[in-house]
Amino acid sequence: MVEKTFAGTIVNLNDEGYFEDMNQWNKEIAAEIAKEEGIELTDKHFQVLEFLRAKVEKGETLTIRSVGKSGIVDIKEFYQLFPGGPLKKSTKIAGIKKPTSCV
Amino acid sequence: MKRLLILGAGTAGTMMANKMRKALDREDWNITIVDQHKTHYYQPGFLFIPFGIYQKQDVIKSKSDFIPPGVDLIYSAIDKVVSDDNKVFLEGGKVLNYDVLIIATGTHTAPEETPGLKDKLWYKEIFDFYTIDGAVALQKYFKSFEGGNLVMAITELPYKCPVAPIEFVCLADAYFTQKGIRDKVKISFVTPLPGAFTKPIATKMLSELLKEKNIEVIPEFYIESIDNENKKLKSYDGQEIDFDVLTIVPVNMGSDMVERSGMGDDLNFIPTNKQTLQSEKAENIFVIGDASNIPTSKAGSVAHFSGEILYDNILSYIEGRPLLAKFDGHANCYIETGFGKGALIDFNYETEPLPGTFPLPGIGPFGLLKNTKINHYGKVIFRWIYWHILLKGKEMPIEAEMTMAGKKRVKI
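None of the values given here were measured: they were computed from a predicted structure. (Residues numbered from 1 in each chain as written. Chains lettered and ligands numbered in written order. Predicted model: local features only at pLDDT ≥ 70, side-chain atom pairs only at ≥ 80, totals over all residues. Heavy atoms only, no water.)

Draft legend 1. Expanded view of the overall build of chain B. Helix and strand content of chain B: 7 helices and 24 strands. Taking 2.2 N^0.38 as the reference for a compact globule, 412 residues should give roughly 22 Å; the C-alpha atoms of chain B span a radius of gyration of 21 Å, in line with that estimate. Principal-axis analysis of the C-alpha atoms places the extent of chain B at approximately 65 × 50 × 40 Å. Relative to its full complement of 412 residues, chain B shows a buried share of 58%. Residue pairs in contact within chain B that sit at least 24 positions apart in sequence constitute 66% of those at least 6 positions apart. Only carbon and sulfur atoms are counted for the fraction: they give 49% of the accessible area of chain B, which is about 16900 Å². Chain B carries 47 positive and 52 negative side-chain charges, and their two centres are separated by 6 Å. (Helix = DSSP H or I, 4+ residues; strand = E, 2+ residues; numbered from the N terminus. Rg over C-alpha atoms; globule rule 2.2 N^0.38 Å. Buried < 20%, exposed > 50% of the residue type's maximum accessible area, 1.4 Å probe, protein only. Contact = heavy atoms within 4.5 Å. Areas by Shrake-Rupley, 256 points an atom, 1.4 Å probe, with all protein chains shown as cover. Lys, Arg positive; Asp, Glu negative; His and termini not counted. Charge placed at Lys NZ, Arg CZ, Asp CG, Glu CD.)

Structure below.
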């Protein structure tokens, strides 16, 4: 575990840079992490981040498909918002754990 | 008279019918099992059909052969579960009341979910091997295949038997080598995952194996559609892969019955307590096998291990005791790697596949995460075990709970 400061707040991250505690997150922190990933956050981005956080709070599994069915973005737009690895990047910015794929 | 109703007479449902009939008094409990199909498929055998190792008749038997006396078997499609009324509606309007319900309706492939998949190349140059028809069609195709670009692709997670696509490319490598045309066949493995497998230590072992066999792994490729005209896979982020022949794992979904009952997630898998196997919808509904959303493999071994837990918990529920048996997510998979060898993995929710020996610590005879001849024989013998021991709900000499004995913690 490592400690890192974003937007003046110290947060605990795991070795891969994902939040240990989703309650340490706020929008300013998200914007700074996004910048490190080369992404400028828009309202659309935040809607996706809130959707992901709500899912995790309910204990549901995150998949790219479920984001595509969220009504916020389709899968193609999700890729455009978070280029490279949409679920990996969006969860990092959303302050939640990296989704694990079941074996 | 009370009724235990089981929906689905596949691996999990059949096993539970056998186990529960032995435990529940026939004077007090009726057990009824419903399935729309009459044939029981030995699904692990589908993998071998494309390569002519098994034929269709090697993997089919009658479902009724495995349902014990004292269990009512109804052949019917299921319309829906109405959990508030403890009723199940069958197609055609027949209604079954239940006191306890086990849902074991499994998962099926849904090629229609991917644009261009079930199109003009379907079963001509695009095949699945998760259905008997797909596996048989592919066997026929391979007999006259003279070479080209063979792509094995996974569309979506989760899918049934996560190691099967890896086994498929290994067996294809062996098959074309033995046919003397391996140098004319390019084999690629396309996956939405970051590597050949989900967990790091197994991924390392399997990646090395695929590399040795000259099989290219193309990771993080999430299929949007298939272009039948130009024979290309297209991803959401604009990448393309050419193929001459495509074998694919279509999107896996739970039964439509689950959707009609309003019980499923976005892929129709049923939210289930991962330890007790009780559904989140109602206390008297339990879910076993591929139908549930528990975070472990969709595989027969999981159905088998979790069956022992479910047996305990249903008896506890009936007798008004707390559900103390807890499933740990235990899965155990033989991985056929071609040329008469195989590997083996054993893991659960918490512990990823590790190297070692199985089931006896230090002795084996099977080697975990090792490519050996004896592991291959384990897989060969398993078909007999499946029909004669597992489906009939008899004891196996392997514990339901995973053990660390015989496993080595390693660092990558």
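Draft legend 2. A look at the overall build of chain A. Across its full length, chain A holds 5 helices and 2 strands. Taking 13 Å as the expected radius of gyration for a compact globule of 103 residues, we find that chain A reaches 13 Å, a close match to that expectation. Taking the principal axes of its C-alpha atoms as reference, chain A extends roughly 35 × 30 × 20 Å. Looking at chain A residue by residue over its 103 residues, the buried ones come to 45%.

Draft legend 3. The sheet that holds strand β8 (residues 95-97) of chain B, seen in detail. All names here are of chain B. Judged by pairing direction, the sheet is antiparallel, and its 3 strands sit side by side in the order β6-β7-β8 without closing on themselves. Every interior strand has two partners, whereas the edge strands, β6 (78-82) and β8, have only one. For this sheet, the mean angle separating the axes of adjacent strands, direction not counted, is 20°. Where strand β7 (residues 87-90) lies against β8, 3 bridges are found, and the strand directions are antiparallel. (Pairing = 2+ DSSP bridges. Axes fitted to C-alpha atoms, helices over the stretch in contact; angles between N-to-C directions.)

Such coordinate-based values are descriptive only and should not be taken to indicate function.
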